[in-house]
Amino acid sequence: MRYKVTIGKKAIKALEKINEPDYSKIKTTIYSLTDNPRPQGYIKLKNRSGYRIRQGNYRIIYDIFDTILVVDVIAIGHRKDIYEE
């Protein structure tokens, strides 16, 4: 089963500010969630809803909707800033 990935406006704006090569790596990581939304290293967040996956110094925060096979990317950011939101 393949999941559909949706990326929110806030996440798109954050992604546009990231320079290469991190941009390409993050994009690849996001689209790999279509095959496996719970890859090795993912963590269920405790202080907010969703899951987290690491890509270098960046974190991708997302929700998984198993009933409709959708992965919704909520936020993308540097590891020192992402949890302050």
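Refer to the preceding data block for the structure.
Residues numbered from 1 in each chain as written. Predicted model: local features only at pLDDT ≥ 70, side-chain atom pairs only at ≥ 80, totals over all residues. Heavy atoms only, no water.

Assigned secondary structure in the protein chain consists of two helices and five strands. The N-to-C order of helical and strand elements in the protein chain reads β-α-α-β-β-β-β. If you line up the protein chain on its principal axes, its C-alpha atoms span 35 × 30 × 25 Å. Split into buried and exposed, the 85 residues of the protein chain put 38% on the buried side. Within the protein chain, residue pairs in contact and separated by at least 24 positions form 49% of the contacts whose partners lie at least 6 positions apart. Total accessible area on the protein chain is roughly 5,700 Å²; 49% of this is exposed by carbon and sulfur atoms. With 17 positive and 10 negative side-chain charges, the protein chain shows a spacing of 2 Å between the two charge centroids. (Helix = DSSP H or I, 4+ residues; strand = E, 2+ residues; numbered from the N terminus. Buried < 20%, exposed > 50% of the residue type's maximum accessible area, 1.4 Å probe, protein only. Contact = heavy atoms within 4.5 Å. Areas by Shrake-Rupley, 256 points an atom, 1.4 Å probe, with all protein chains shown as cover. Lys, Arg positive; Asp, Glu negative; His and termini not counted. Charge placed at Lys NZ, Arg CZ, Asp CG, Glu CD.)

Each α-helix winds once per 3.6 residues, and so residues spaced three or four apart point in a common direction. What helix 1 (residues 9-16) keeps buried is the set Ala11, Ala14 and Leu15. Mapping the buried residues of helix 1 onto a view down its axis gives an arc of 100°, with all of them on the same face. Among the exposed residues of helix 1, those oriented more than 90 degrees off its buried face are Lys9, Lys13 and Glu16. Lining the buried residues of helix 1 we find strand 1 (4-7), helix 2 (22-32) and strand 5 (70-78). (Arc of directions from axis to C-beta.)

Moving on to the packing of aromatic side chains. Enumeration according to the criterion identifies two aromatic pairs in this entry. Of the aromatic side chains, those joined through ring pairs into one cluster are Tyr42, Tyr51 and Tyr62. In this arrangement the basic side chain of lysine 44 is found over the ring face of tyrosine 51, its NZ or CZ atom lying 5.4 Å from the centre. (Phe/Tyr/Trp six-rings, centres within 6.5 Å; stacked < 30°, edge-to-face > 60°. Lys NZ or Arg CZ within 6 Å of the ring centre and 35° of its normal.)

Relative to strand 3 (residues 51-55), strand 2 (residues 43-44) is paired through two bridges, and the arrangement is antiparallel. Looking across to strand 3, one finds that isoleucine 43 is bridged to arginine 52. Between strand 2 and strand 3, which follow one another and run antiparallel, lie six residues, and glycine 50 among them has a positive phi close to 110°. Bridge count for strand 3 against strand 4 (residues 58-65) is five bridges, and the pairing is antiparallel. Within strand 4, the residue paired with arginine 52 across the bridge is isoleucine 61. Linking strand 3 back to strand 4 in an antiparallel pair, the connection comprises two residues, with glycine 56 at a positive phi of about 65°. (Pairing = 2+ DSSP bridges.)

Let us now look at unusual backbone geometry. Following glutamate 20, the chain continues to proline 21 via a peptide bond in cis, the omega torsion being 0°. One can find proline 21 in the loop between helix 1 and helix 2. Although it is not a glycine, leucine 69 sits at a positive phi angle of roughly 55°. In this fold, leucine 69 is placed in the loop between strand 4 and strand 5.

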